[in-house]
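Architecture at a glance
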Amino acid sequence: MGSPLILASGSTARQMLLKNAGLDFVAIPATVDERAIEDNLPLAGRDPVSVARHLALAKATNVSERSPGAFVIGCDQTMSLGNRIFHKAASLDEARQTLISLRGKAHFLNSAVCLVRDGELLWSDVTKACMQVRDFSDEFLDGYIERNGKSILSSVGCYQLEGEGVQLFDAIAGDYFTILGLPLLPLLAALREHEINHA
Ligand SMILES: Nc1nc2c(ncn2[C@@H]2O[C@H](COP(=O)(O)OP(=O)(O)OP(=O)(O)O)[C@@H](O)[C@H]2O)c(=O)[nH]1
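Residues numbered from 1 in each chain as written. Predicted model: local features only at pLDDT ≥ 70, side-chain atom pairs only at ≥ 80, totals over all residues. Heavy atoms only, no water.

Taken together, 18 residues surround the ligand, and among them Ser-9, Arg-14, Lys-59, Glu-162 and Leu-180 come closest. Protein contact buries 87% of the 620 Å² of open area that the ligand shows by itself. Here the residues of the shell around the ligand are counted per class, giving five nonpolar, seven polar and six charged. (Near = heavy atom within 4 Å. Areas by Shrake-Rupley, 256 points an atom, 1.4 Å probe, with all protein chains shown as cover. Nonpolar A, V, L, I, M, F, W, Y, C, P; charged D, E, K, R; others polar.)

Moving on, we get to the state of the cysteines. As used here, a disulfide is simply a covalent bond connecting the sulfur atoms of two cysteines. Scanning all chains against the criterion turns up zero disulfides. There is no disulfide at Cys-75, and the cysteine sulfur nearest it, in Cys-114, is 7.5 Å away. Cys-75 gets classed as buried once you look at its relative accessible area, which sits at 1%. Free cysteine: Cys-158, not disulfide-bonded; nearest cysteine sulfur from Cys-130 at 18 Å. (Disulfide = S-S within 2.5 Å. Buried < 20%, exposed > 50% of the residue type's maximum accessible area, 1.4 Å probe, protein only.)

Within this structure, the stated rule accounts for four aromatic pairs. Judged by centre distance (4.8 Å) and plane angle (85°), the ring pair of Tyr-159 and Phe-169 falls under edge-to-face. Taken together, the residues Tyr-159 in the loop between helix 5 (138–148) and strand 7 (169–173) and Phe-169 in strand 7 connect sequence positions 10 residues apart. Pair check on accessibility: Tyr-159 and Phe-169 agree, each one buried. Ring centres of Tyr-176 and Phe-177 lie 6.0 Å apart, and the angle between their planes is 80°; this geometry places the pair in the edge-to-face category. We classify Tyr-176 as partly exposed; its relative accessible area is 37%. (Phe/Tyr/Trp six-rings, centres within 6.5 Å; stacked < 30°, edge-to-face > 60°. Helix = DSSP H or I, 4+ residues; strand = E, 2+ residues; numbered from the N terminus.)

Attention shifts here to helix 3 (residues 48–64). With 17 residues, helix 3 extends 24 Å between its outermost C-alpha atoms, agreeing within 8% with the 24 Å of an ideal straight helix rising 1.5 Å per residue. In terms of burial, helix 3 is a largely internal element, 12 of the 17 residues being buried. The set of residues buried in helix 3 consists of Pro-48, Val-51, Ala-52, Leu-55, Ala-56, Ala-58, Lys-59, Ala-60, Thr-61, Asn-62, Val-63 and Ser-64. (Expected span 1.5 Å × (residues − 1).)

Moving on, we come to the environment of His-194. Inspection of the secondary structure assignment puts His-194 in the segment after helix 7 (184–193). The sequence separation of His-194 and Leu-122 amounts to 72 residues, and the corresponding C-alpha distance is 8.9 Å. In this structure His-194 touches Leu-115, Leu-122 and Trp-123, once residues within four positions along its chain are discounted. (Contact = heavy atoms within 4.5 Å.)

The next thing to look at is the side chain of Thr-78. Assignment of secondary structure puts Thr-78 in strand 3 (residues 71–81). At 2.9 Å, the side chain of Thr-78 and the backbone oxygen of Pro-48 are in polar contact. Not counting residues within four places of it along the chain, the set of residues in contact with Thr-78 comprises Pro-48, Val-51, Ala-52, Phe-108, Leu-109 and Asn-110. (Polar contact = N/O pair within 3.5 Å; in protein donor to acceptor, adjacent residues only side chain to side chain.)

The UniProt feature table records "active site" (unreviewed entry) at Asp-76. Mapped onto the elements, Asp-76 comes out in strand 3. The class of Asp-76 is buried, set by a relative accessible area of 4%. In this structure, Asp-76 is in contact with Arg-14, Glu-34, Ala-52, Leu-55, Ala-56, Lys-59, Asn-110, Ser-111 and Ala-112, ignoring residues within four places of it in sequence. (UniProt positions renumbered as here; feature names shortened; annotations may be inferred.)

Burial of strand 5 (residues 106–117) is extensive: nine of the 12 residues sit out of reach of the surface. With 10 bridges connecting them, strand 3 and strand 5 associate as antiparallel partners. In the strand pairing of strand 5, Thr-78 is matched with Asn-110. As judged from the 12 bridges shared by strand 5 and strand 6 (residues 120–133), these two strands associate in the antiparallel manner. Each bridged residue has a counterpart across the sheet, and for His-107 the counterpart in strand 6 is Met-131. In textbook terms, the turn of a hairpin is the stretch between consecutive antiparallel strands, and for strand 5 and strand 6 this stretch comprises two residues, one of which, Asp-118, has a positive phi near 50°. (Pairing = 2+ DSSP bridges.)

Listed below in structure tokens is the structure:
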């Protein structure tokens, strides 16, 4: 049995993707203040991709520090529209505002993933998806929020693609795993390269 594999995430979607891929891991959420880390980034490092990469590393490092010898996976997803970075809505009213901002436009999901062992970054990657939101009606929006309720607060874009969220889109460009928040294919290649099969 090699070194343990840890997913430094409380995300049920990420845990499901790794479990369904047949990986043997434990999930230990990081205890980091994501907003404080983001606010302390130098202005040059506040683009959506850098923020996602930095937060994924902060989460993996946080858990790695208390898990000597373990291989720790950290992830983060940011959503951007132009140069505006969105954060998770804290209420259904905020979710409504987010969805109205996204209506009829294309936004990006930026999903970062990294592998850390004993505080050392072994590998990282960021993949993007471009989400073309359709010009849905106010009636659709009201019904969508009514039917899905607080579940839409668990993701930054206020949608679950594998659920009714798919009805928000005219088109998506990028892979399913990126959209759910875990670039699974590059991660699996990195795990194989580091002979962390754990299958
Ligand atoms: N089920 C589902 N989850 C999604 C989707 N899009 C994004 N997410 C989730 O939205 C969350 C993005 O927020 P993050 O801050 O990256 O992660 P988190 O949920 O706070 O969990 P941590 O990794 O512990 O930080 C992640 O849990 C993603 O898996 C989707 O289409 N479906």
